[in-house]
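Structural overview
The chain contents come next:
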Amino acid sequence: MSFNLRVDEPITIIPTKEYLISAESKLTFKFPDSYVSFVTQYGGGSLCGLFNILVPNTSNANIDIISKNKELKSLIKENIEAGFWDNVGGVSKEWLLSLEPFRESDNGDILCWDINKKNEKGEYQIYLLENEQNEAPLVATTLDEFIQEFCLNQKIDDIFPMGQGKKWNLEPTFKPF
């Protein structure tokens, strides 16, 4: 899918197909096609100034999807053991542990793929483990939908209402790492 994103800086980190396959082997799951398509076109970077799209990158753990996945899986497990997500929308602890996290926001919310359940396009649904709300809403059925609807079409207001009639105003930008 092509997005109407403004890219103001040169794209420098684009993973090769071979590098993505190697990362999939380390993570023990296959990346969804929408993720592969996005990162092989744009690489890794900051989407709309709010969400980082991580890529396999062994030289920088801050942007490495493999390192971040392991770090966030550990955080999810710790939070479950501490009783933090005991009542997340009627879902089981086992389901929470089966999610594959791929990004944490600045306020601690975690974006995850449910790799055990593919949609009709063969893509993983994306859930948001909300730090402050103790919820795990479905935010998109593909990464393309997440980018288009959640970020570019401002569905973010539905998930993260700012209150007092304020709305998010995300710029359609992509800043490469």
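Anything mentioned here points back to the structure above.
Attention here is on the structure that accompanies the text. (Residues numbered from 1 in each chain as written. Predicted model: local features only at pLDDT ≥ 70, side-chain atom pairs only at ≥ 80, totals over all residues. Heavy atoms only, no water.)

**Notes on helix 2 (residues 33–41)**
We apply this condition: Three exposure classes are used, based on accessible area relative to the maximum for each residue type with a 1.4 Å probe and protein chains only: buried under 20%, partly exposed in between, and exposed over 50%. Numbering goes from the N terminus for both helices and strands, where a helix is a DSSP run of H or I of at least four residues and a strand is a run of E of at least two. Here a residue-residue contact requires only that any non-hydrogen atoms of the pair lie within 4.5 Å.
By the burial criterion, the buried members of helix 2 are S34, Y35, V36, F38 and V39. Buried residues along helix 2 sit in contact with helix 1 (17–27), strand 2 (51–53), helix 3 (65–81), strand 4 (110–118), helix 5 (143–152) and strand 7 (174–176). One or two positions beyond helix 2, positive phi appears at G43, with a value near 80 degrees.

**Some remarks on the packing of aromatic side chains**
Definition in use: Aromatic rings from Phe, Tyr and Trp, taking only the six-membered ring of Trp, are treated as a pair when their centres fall within 6.5 Å; an angle between ring planes under 30 degrees marks them as stacked, one over 60 as edge-to-face, and anything in between as tilted.
Evaluated as defined, the whole model comprises 13 aromatic pairs. Here the aromatic rings of F29 and F31 are separated by 6.0 Å at their centres, their planes lie at 80 degrees, and the arrangement is edge-to-face. The rings of F29, F31, Y35, F102, W113 and Y124 are connected pair by pair, giving a single aromatic cluster.

**Quick look at the environment of L138**
Mapping L138 onto the fold places it in strand 6 (residues 138–140). Separated by 12 residues in sequence, L138 and I126 place their C-alpha atoms 5.9 Å apart. In this structure, L138 is in contact with Q125, I126 and Y127, ignoring residues within four places of it in sequence.

**What about the sheet that holds strand 4?**
Just so we agree on the cut-off: Strands qualify as paired when DSSP identifies two bridges or more between them. Between N-to-C directions, angles cover 0 to 180 degrees, with each direction set by a line fitted to C-alpha atoms, over the stretch in contact for helices.
Spatially, 3-4-5-6 is the arrangement adopted by the four strands of the open sheet, whose pairing is antiparallel. On the outer flanks of this sheet lie strand 3 (100–104) and strand 6, each paired with one strand and no other. On average, adjacent strands in this sheet sit at an angle of 35 degrees to one another, irrespective of strand direction. Two elements, strand 5 (residues 124–129) and strand 6, share two bridges in a ladder whose sense is antiparallel. Across the sheet, the residue bridging to I126 is A140, located in strand 6. Against the sheet, helix 3 makes contact with strand 3, strand 4 and strand 5, and its axis sits at roughly 105 degrees relative to strand 3, the strand it touches most.

**Observations regarding the sheet that holds strand 1 (residues 45–47)**
Read across the open sheet, the three strands follow the order 2-1-7; overall the sheet is antiparallel. Edge positions in the sheet fall to strand 2 and strand 7, since each has one partner strand and no second. Across the sheet, the axes of successive neighbouring strands diverge by a mean angle of 25 degrees, strand direction being ignored. With three bridges joining them, strand 1 and strand 2 adopt antiparallel strand pairing. Along strand 2, the bridge assignment pairs S46 with N52. Contacts from helix 5 reach strand 1 and strand 2 within the one sheet, and its direction differs from that of strand 2 by about 155 degrees.

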